[in-house]
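# Residue-level structural notes
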Amino acid sequence: MTEIDPERDPAQRCPCGSGDTYAACCRRFHAGAPAPTAEALMRSRYSANALMSEDPGFFGGYLHRSWAPETRPALAVLSRPGARWTRLAILGVSGGGPFETHGTVEFVASYEDPSAGQTRGRGRHHELSRFRRESGQWFYIDGDVT
Ligand SMILES: [Zn+2]
């Protein structure tokens, strides 16, 4: 298992916006611990996107292996390369608990994309994501983006 960048301060705020430190939140999932719920997996995938520029290989690898094998792209692709992810809001969760096998999470992820030009690239990614649990691991399957 790849180690997290030792330069990264584990006491800093987790990008997923839980209000917790990175060390107490998404770090353990990035380091290989199974996320207990679909929402935890979703948050950790958002955090991986937000941290991507720090270590594309590591965080891209996390996105890749938390994606269901039948739907994941050959290479982990960012939905908006170059964007800075600024905020995550969970709008709703259905299923996805520790003893369930399927779940959905609806969220809005806000971003700024400096390459997007005159609008200063502010935008929102609204998605209803589907997840399933298999062998104790939650996987992202796909989602409806609206
Ligand atoms: Zn987190």
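Just above sits the structure.
Residues numbered from 1 in each chain as written. Predicted model: local features only at pLDDT ≥ 70, side-chain atom pairs only at ≥ 80, totals over all residues. Heavy atoms only, no water.

### Some points on the coordination of the zinc ion
Note the threshold: Coordinating donors are taken to be N, O and S atoms lying within 2.8 Å of the metal, or within 3.2 Å when the metal is Na, K or Ca; because water is excluded from the atom set, some sites may appear incomplete. A four-donor site is classed as tetrahedral when every donor-metal-donor angle falls between 85 and 135 degrees; four donors are called square planar, and six octahedral, when trans pairs exceed 155 degrees and all remaining angles lie between 65 and 115, with any other arrangement labelled irregular.
Protein ligation of the zinc ion involves Cys 14 (SG), Cys 16 (SG), Cys 25 (SG) and Cys 26 (SG), the donor distances falling in the range 2.2 to 2.4 Å. Geometry at the zinc ion is tetrahedral, judged from the 4 donor atoms that bind it and their angles of 100 to 114 degrees at the metal.

### Some remarks on the packing of aromatic side chains
Rule in force here: Only Phe, Tyr and Trp rings take part, Trp by its six-membered ring, and two of them pair if their centres are within 6.5 Å. Stacked means planes under 30 degrees apart, edge-to-face means over 60, and tilted covers everything else. Counting from the N terminus, the helices are the DSSP runs of H or I reaching at least four residues and the strands are the DSSP runs of E reaching at least two. Only protein chains enter the accessibility calculation, which uses a 1.4 Å probe. A residue is then buried if its area is under 20% of the maximum for its type, exposed if over 50%, and partly exposed in between.
Taken as a whole and assessed by the stated rule, the structure comprises 5 aromatic pairs. With 5.3 Å between their ring centres and 80 degrees between their planes, Trp 67 and Tyr 140 make a pair best called edge-to-face. Of this pair, Trp 67 sits in the loop between helix H3 (56-65) and strand E1 (84-95) while Tyr 140 sits in strand E4 (residues 137-145), and the two are 73 residues apart along the sequence. No difference in accessibility class separates Trp 67 from Tyr 140, as the two residues are buried. Taking the centre distance of 5.4 Å and the plane angle of 65 degrees together, the rings of Trp 85 and Tyr 111 count as edge-to-face. Of this pair, Trp 85 sits in strand E1 while Tyr 111 sits in strand E2 (residues 102-112), placing them 26 residues apart in sequence. Tyr 111 gets classed as buried once you look at its relative accessible area, which sits at 9%. Among the aromatic residues, ring-to-ring pairing joins Tyr 46, Trp 85 and Tyr 111 into one connected group.

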